[in-house]
Amino acid sequence: MPGSRLDAIDRKILAELQADGRMTNVELARRVGISAPPCLRRVRTLEEAGFIRGYHADINTRELGFEVQVFAMVGLQSQAEADLSRFEARCRAWPLVRECHMLNGEVDFILKCVAPDLSTFQSFLTEELTAAENVASVKTSLVIRCAKDEPGVPFDVLEARLSKSA
């Protein structure tokens, strides 16, 4: 099972950093119950192993004037791997697309987009997204409000699963 190759201290480190990536190594070490030097070694090992991909600020998009958030469900004409890869590369190049997920089912991709206003999103939709090569259909849903936005994983669920398998 993924996550089982980490010991309890590594999982505590990840949970603490997920909650607050700005804490000092000394504070992190205190919270997980080890001294600072081995804590730093463990953090670096977790980074090198790919468990920690980076540290980011949680930016309030509305405070910066990005009032519009839209989910766009995209259907492609072809699902050949080369066509899927080209579409993914295109999505990575569009600044308004913040997330791009390939799906199984009726829709090939769902995109999370942000824009300062509806006219900016409409221009992106009509001039770029629907005009993109291989795009067959686009359905959009405007976000009214967000009830939950919690990045990462629920470490309590992971710990419960690990304790059952032990």
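To be clear, the structure that these remarks concern was listed above.
Residues numbered from 1 in each chain as written. Predicted model: local features only at pLDDT ≥ 70, side-chain atom pairs only at ≥ 80, totals over all residues. Heavy atoms only, no water.

On inspection of all chains with the given rule, the structure shows 10 salt bridges. Among the salt bridges present, the one from Arg11 reaches Glu159, with a minimum N-O distance of 2.5 Å. Here the residue Arg11 occupies a position in helix H1 (residues 8-19), and Glu159 occupies one in helix H6 (residues 155-165), the gap between them amounting to 148 residues. For Arg11, a relative accessible area of 10% corresponds to the buried category. Taking the relative accessible area as the measure of exposure, Glu159 reaches 31% and is therefore partly exposed. The partner of Lys112 in a salt bridge is Glu99, with the nearest N and O atoms 3.6 Å apart. Separated by 13 residues along the polypeptide, Lys112 in strand S3 (residues 109-115) and Glu99 in strand S2 (residues 97-102) bring together distant segments of the chain. By relative accessible area, which is 33% here, Glu99 ends up partly exposed. Among the charged side chains, a network of salt bridges with common partners joins Glu16, Glu27, Arg30 and Arg31. (Salt bridge = Lys/Arg side-chain N within 4 Å of Asp/Glu carboxyl O. Helix = DSSP H or I, 4+ residues; strand = E, 2+ residues; numbered from the N terminus. Buried < 20%, exposed > 50% of the residue type's maximum accessible area, 1.4 Å probe, protein only.)

Bringing the sheet that holds S3 into the picture now. Taken together, the four strands give an open sheet; going across it, the order is S2-S3-S1-S4, and neighbouring strands pair in antiparallel fashion. Both edges of this open sheet fall to S2 and strand S4 (135-142), since each of them pairs with a single strand only. Adjacent strand axes in the sheet meet at a mean angle of 20°, parallel and antiparallel pairs treated alike. Two elements, S2 and S3, share five bridges in a ladder whose sense is antiparallel. Bridge pairing in S3 links Glu99 to Lys112. (Pairing = 2+ DSSP bridges. Axes fitted to C-alpha atoms, helices over the stretch in contact; angles between N-to-C directions.)

Next up on the list: the pairing of strand S1 (residues 68-76). Summarising burial for S1: eight of the nine residues are buried, a large majority. Sheet analysis places S1 next to S4, joined by seven bridges and oriented antiparallel. Bridging from a neighbouring strand, Gly75 pairs with Ser137 of S4.

As far as function goes, none of this settles anything; it's purely spatial.
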